[in-house]
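Summary of the model geometry
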Amino acid sequence: MTRTGGTGGAGPAAAHDPAALVALMQRLKDDSGLTYRQLEQRAAERGEVLARSTLADVLGRKSLPRAEVLGAFLRACGRPEDEVGEWLAARRRIEEGTAAPPARTDPPPVGRRRLLTGAALLGVVVLAVGVPLLAGDGGAEHGTPLPTGEVRIRPLGAPGLCLTDGRVLRAHAYRTVAVVRPCAQAVPPHTRLTAAGDGRHLVQWSHPDEGTGCLVLLRAPGLAGLLEPQNDCSAGGPAQRFRIEPVDGPTDGGRPAYRLRLTDGDRCVGLSGRTAGATAVGVPCRTGADDQTFVIVPG
C-alpha cells in the first residue's frame with residue numbers, strides 16, 4: 001500500500017513532473033513543522049549533508065532535486081526507508097520521462113459549464129471592482145494598483161535580479177543587509193509590502209529561521225545608507241516607512257515602475273551596482289534615475 005507520506009493524501013507516485021514533486025516536498029516540510037535549520041541539524045545527526053540554503057533553493061524552484069538531497073530531506077523529516085524508496089523511484093520515473101501524466105477528467109455537461117463560466121465572470125467583476133480597495137495606499141491614487149502582500153521587487157534596469165537579503169563585510173563585521181540577487185535565489189526570505197498608513201509601506205521579510213523583520217535605514221559610521229532587516233516592525237519602532245511612487249518612463253512588459261522614497265527625507269532606495277550582490281542604499285532622489293526605479297510584482 002502506497003503511503004501518503006504526510007502530503008495531504010497525495011503520495012510521490014502522483015507526481016508526474018519536477019514541479020509536482022517539489023510541491024509534495026514543500027507540503028511534507030510544512031506538515032513536519034520543522035525549520036530549515038532543524039532539518040539541516042537532523043540530517044547532520046545521521047551523517048548526511050542537507051544545507052538549509054540548498055534545501056530552500058530546491059523548494060523555491062520547479063526543477064528536479066538531486067537524489068541525495070531528496071533522500072536526506074525525507075530522512076530528516078522522519079520518513080521510513082521504504083517510503084524514501086518510493087519517493088526516489090518517483091523521482092527516477094520523472095527523470096526518465098516515464099512518469100504517468102495526471103488523469104484526464106471529462107468536461108462537465110454544457111449547462112454546468114455555462115454556470116461555471118458565469119460564476120467566473122462574476123468573480124472577475126468582483127476582483128476588478130475590488131482592486132483599488134485591496135491594492136494598498138501607494139499608487140492607487142495615480143490609477144496604478146500597487147501589489148501588496150507577498151511581492152518581488154525587481155530593479156527595472158536588471159530584471160533578472162530581486163531585492164533580498166545578503167551578507168556584507170562592513171565596519172569589521174558581517175551584516176545582513178538588503179542586496180539584489182538572482183530572483184531564483186531570492187527566496188527565502190519572503191518579501192511583503194505592508195501598508196503603514198498615510199500612503200506609506202513597510203518592506204517586511206519573513207525567514208523560516210530568522211523570523212520576521214522590516215528594513216531599517218542604518219546611520220552608524222561605516223554602515224550609513226545601508227538597509228538592514230530588524231525584528232521590531234511595530235508602529236513606533238525603527239522600521240523605515242517607504243512612500244512608493246509610480247514613475248513615468250520605460251516599463252517592464254507593461255508593468256508600472258516605482259520609486260521607493262524614504263519618508264524621513266529626500267532620499268530614495270538606489271543600488272550600488274547592477275550585478276548580483278549589489279547593495280540597496282538610501283541615496284538622494286534623482287528624477288529619471290533607473291538605478292532608483294523598481295518593478296513590483298506579486299510574489
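Throughout what follows, the structure given in this document is the object of discussion. (Residues numbered from 1 in each chain as written. Predicted model: local features only at pLDDT ≥ 70, side-chain atom pairs only at ≥ 80, totals over all residues. Heavy atoms only, no water.)

**Let's talk about helix H2 (residues 36-45)**
The line we're drawing: Note on classification: 1.4 Å probe, protein chains only; a residue is buried when its accessible area is under 20% of the maximum for its type, exposed when over 50%, partly exposed between these limits. In this text, helices come from DSSP runs of H or I with a minimum length of four residues, and strands from runs of E with a minimum of two, each type numbered from the N-terminal end. Arc definition: directions from the helix axis to the C-beta atoms. Whether two residues are in contact is decided by their heavy atoms: any pair within 4.5 Å suffices.
Considered for burial, the residues of H2 that qualify are Tyr36, Leu39 and Ala43. Seen end-on, H2 carries its buried residues on one side only, within an arc spanning 60°. Residues Ala44 and Glu45 are exposed on H2 and point more than 90 degrees away from its buried face. Against helix H1 (18-32), helix H3 (52-59) and helix H4 (67-76) lie the buried residues of H2. The first or second residue beyond H2 is Gly47, which carries a positive phi of 80°.

**Some remarks on the nonpolar core**
Put simply, the rule reads: Here the nonpolar core consists of buried residues drawn from Ala, Val, Leu, Ile, Met, Phe, Trp, Tyr and Cys, with membership extended through side-chain atoms lying within 4.5 Å.
Among the nonpolar cores identified, the biggest contains 26 residues, and Met25, Leu39, Leu50, Leu55, Phe73, Leu74 and Trp87 are the most heavily contacted of them. Of all the secondary structure elements, the ones that give two or more residues to this core are H1, H2, H3, H4 and helix H5 (81-96). Beyond its immediate sequence surroundings of up to four residues, Leu39 is in contact with Lys29, Leu34, Leu50, Leu55, Phe73, Ala76 and Cys77. Residues Leu217, Phe242, Ile244 and Phe294 belong to the second largest nonpolar core, which totals 25 residues.

**Re H4**
With 8 of 10 residues buried, H4 is to be regarded as a mostly interior element. Looking at H4, one finds that the buried residues are Val69, Leu70, Gly71, Ala72, Phe73, Leu74, Arg75 and Ala76. Check the buried side of H4 and you find it contacts H1, H2, H3 and H5. Just beyond H4, the residue with positive phi is Gly78, at close to 85°.

**Side note on the packing of H1 against H4**
Our working definition: Whenever a helix is involved, its axis is fitted only over the stretch in contact; in every case the axis is a line through C-alpha atoms, and angles between N-to-C directions fall within 0 to 180 degrees. The cut-offs work like this: below 35 degrees is roughly parallel, past 145 is roughly antiparallel, 65 to 115 is roughly perpendicular, and the gaps in between are oblique. Throughout, a crossing is termed right-handed when the near helix is turned clockwise from the far one, and left-handed when it is turned anticlockwise from it by less than a right angle. Three residue categories are used. Nonpolar comprises Ala, Val, Leu, Ile, Met, Phe, Trp, Tyr, Cys and Pro, charged comprises Asp, Glu, Lys and Arg, and polar comprises the others, including Gly.
Packing of H1 against H4 brings their axes to within 11 Å, and their N-to-C directions diverge by 25°. Classified by the angle their axes make, H1 and H4 are roughly parallel. The two elements H1 and H4 cross, and the hand of that crossing is left-handed. Here H1 contributes Leu21, Met25, Leu28 and Lys29 to the contact with H4, which in turn contributes Leu70, Phe73 and Leu74. The residue makeup of the contact of H1 with H4, split by class, is 6 nonpolar, no polar and 1 charged.

**Section: unusual backbone geometry**
Along the chain, Val187 connects to Pro188 via a cis peptide bond; the corresponding omega equals -5°. Looking at where Pro188 falls in the secondary structure, it is placed in the loop between strand E3 (173-182) and strand E4 (190-197). Omega for the bond connecting Pro188 with Pro189 falls within 30 degrees of zero, at 5°, which places this linkage in the cis form. Its place among the elements puts Pro189 in the loop between E3 and E4. For Asp198, which is not glycine, the phi torsion reads 55° and is therefore positive. Structurally, Asp198 is set in the loop between E4 and strand E5 (200-207).

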